[in-house]
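The lines below spell out each chain.
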Amino acid sequence: MRWVNEIVDGLLDVYKTNNPYELCRHLKIKIERVNYNNSILQKKHSMYYRNYLNQEIIFIRDDLYGYDEEFILKHELGHAILHTEINCSDFLNIGKLDKQANYFALALSGIKFDVIEMQGMTLEQIASCVNVPYEPLSQLVNL
């Protein structure tokens, strides 16, 4: 997915940050924290939405913190940047578009895998070591 790497490199070059909060601010994408039971999320972690006025919002659960929240924000930001033809996407981790958004999130995180250091580790251990959720990482390993 070299094209995704080129987009990420361009973002880093222009905005000088990989912080999803700052990137959303620069790109005028609103982040709205909502309760897990909110009907907008339908019991999922997050959702990206672009309305008919081209205003963009990422709805994210208000009980997520740290690396999980950042990765999910990066994933939804990936949809906003990579998939301009869609109006809505929720964090399901299925299908081609979600795999691309997961790859975007990993590339934006700048994660480098040390093959020697991680030799013999399970995928769960690697995910924990690089601070990313297991499920998206497991999908990308099987590309």
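Treat the numbers as computed from the prediction; the structure is a model and nothing was measured.

Reading the values: the criteria
Numbers given for residues are sequential positions, taken from 1 along each chain in its written order. At least 70 in pLDDT is required for a residue's local features to be given in this predicted model, at least 80 for side-chain atom pairs to be given and counted, and no such filter applies to totals for whole chains, interfaces and linings, which use all residues. In computing side-chain values, all of the structure's heavy atoms are included and hydrogens and water are not. Comment: axis = line fitted to C-alpha atoms, over the contacting stretch for helices; angle = value between 0 and 180 degrees taken between N-to-C directions. In this description a helix means any DSSP run of H or I spanning at least four residues, a strand means any run of E spanning at least two, and both kinds are numbered starting from the N terminus. Roughly parallel covers angles under 35 degrees, roughly antiparallel covers those over 145, roughly perpendicular covers 65 to 115, and oblique covers all other angles. Throughout, a crossing is termed right-handed when the near helix is turned clockwise from the far one, and left-handed when it is turned anticlockwise from it by less than a right angle. Contacts are residue-level and defined by heavy atoms, with any inter-residue pair within 4.5 Å sufficient. Helix span, as expected, comes to 1.5 Å for every residue beyond the first. A 1.4 Å probe rolled over the protein chains alone gives each residue an accessible area, and that area as a share of the maximum for its type sets the label: buried under 20%, exposed over 50%, partly exposed in between. This arc is taken over the directions from the axis of the helix to the C-beta atoms. Grouping buried Ala, Val, Leu, Ile, Met, Phe, Trp, Tyr and Cys residues that are joined through side-chain atoms within 4.5 Å yields what is termed a nonpolar core.

Caption draft 1: Main features of the packing of helix 1 (residues 2-15) against helix 4 (residues 95-109). For the pair helix 1 and helix 4, the least separation of the axes is 10 Å and the interaxial angle reads 45°. Accordingly, the angle class assigned to the pair helix 1 and helix 4 is oblique. Note on packing geometry: the crossing formed by helix 1 with helix 4 is right-handed. Taking contact as the criterion, the partners of W3, V4, N5, I7, V8, L11 and L12 in helix 1 are, on helix 4, Q100, Y103, F104, A107 and L108.

Caption draft 2: Spatial organisation of helix 4. The end-to-end C-alpha distance of helix 4 is 21 Å, a good match for the 21 Å that 15 residues give at a rise of 1.5 Å each. Restricting attention to buried positions, one finds in helix 4 the residues D98, Q100, A101, N102, F104, A105, L106 and L108. Just beyond helix 4, the residue with positive phi is G110, at close to 70°.

Caption draft 3: Expanded view of the environment of E69. Here E69 is to be found in helix 3 (residues 66-82). Relative accessible area serves as the criterion here: at 7%, E69 is assigned to the buried category. Once the C-alpha coordinates of E69 and E32 are considered, the two residues, 37 residues apart in sequence, prove to be 12 Å apart.

Caption draft 4: How the structure looks around helix 1. With 14 residues, helix 1 extends 20 Å from end C-alpha to end C-alpha; this agrees with the ideal 20 Å at 1.5 Å per step. Among all positions in helix 1, only V4, V8 and L11 are buried. Projected onto a plane normal to the axis of helix 1, the buried residues spread over an arc of 55° and lie on a single side. Of the exposed residues in helix 1, the ones pointing more than 90 degrees away from its buried face are R2, E6, D13 and V14. Looking at the buried side of helix 1, the elements it contacts are helix 3 and helix 4. Among the residues trailing helix 1, K16 stands out with phi positive, at a value near 60°.

Caption draft 5: Spatial organisation of the nonpolar core. Ranked by internal contacts, the top residues of the largest apolar core, which has 17 residues, are I29, I58, L77, F104 and L108. Contributions of two or more residues to this core are made by helix 1, helix 2 (20-26), strand 3 (56-61), helix 3 and helix 4. Those residues in contact with I29 that lie beyond four places of it in its chain are C24, E56, I57, I58, L77 and A80. Core analysis: the next-biggest nonpolar cluster, separate from the first, contains eleven residues, A105, I126, A127 and L140 among them.

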